[in-house]
Amino acid sequence: MVYILSAVIFFLSFVFSYKFFIVLKNRYLNSIKDENLYMAFGFMALILTSAFSLSTSAFFLYLFKS
């Protein structure tokens, strides 16, 4: 059960943090026309999102270790 909850936490943190990075992109990079910058930002956002999701899931498993 804890592993299922950890997977749900991973999925939700992944979705919400990626939406946060999309909001940041739309706010600060909206006027820039360079496609390479968009790709670089998307790649960085994906890496940071994955790291954040894995860390929150691992922290949850650490807290509720049985």
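Before reading on, note that the structure itself is shown above.
Peer 1: Please clarify how the overall build of the protein should be interpreted in this entry.
Peer 2: In terms of regular secondary structure, the protein is built from two helices and zero strands. The principal-axis extents of the C-alpha atoms in the protein amount to approximately 50 × 15 × 15 Å. Taking all 66 residues of the protein together, the buried fraction comes to 17%. For the protein, contacts bridging at least 24 residues in sequence account for 76% of all contacts bridging at least 6. Per element, the accessible surface of the protein, about 5300 Å² overall, is 75% carbon and sulfur.

Peer 1: What is the right way to read helix 1 (residues 2-28) from this model?
Peer 2: Helical geometry note: an α-helix holds 3.6 residues per turn, so side chains three or four residues apart project in the same direction. Taking 1.5 Å as the rise per residue, helix 1 with 27 residues should run 39 Å; its terminal C-alpha atoms sit 38 Å apart, in good agreement. Here helix 1 has its buried residues at Ser6, Ser13, Ser17 and Phe21. The elements touched by buried residues of helix 1 are helix 2 (35-63).

Definitions and cut-offs
- Residues numbered from 1 in each chain as written.
- Predicted model: local features only at pLDDT ≥ 70, side-chain atom pairs only at ≥ 80, totals over all residues.
- Heavy atoms only, no water.
- Helix = DSSP H or I, 4+ residues; strand = E, 2+ residues; numbered from the N terminus.
- Buried < 20%, exposed > 50% of the residue type's maximum accessible area, 1.4 Å probe, protein only.
- Contact = heavy atoms within 4.5 Å.
- Areas by Shrake-Rupley, 256 points an atom, 1.4 Å probe, with all protein chains shown as cover.
- Expected span 1.5 Å × (residues − 1).

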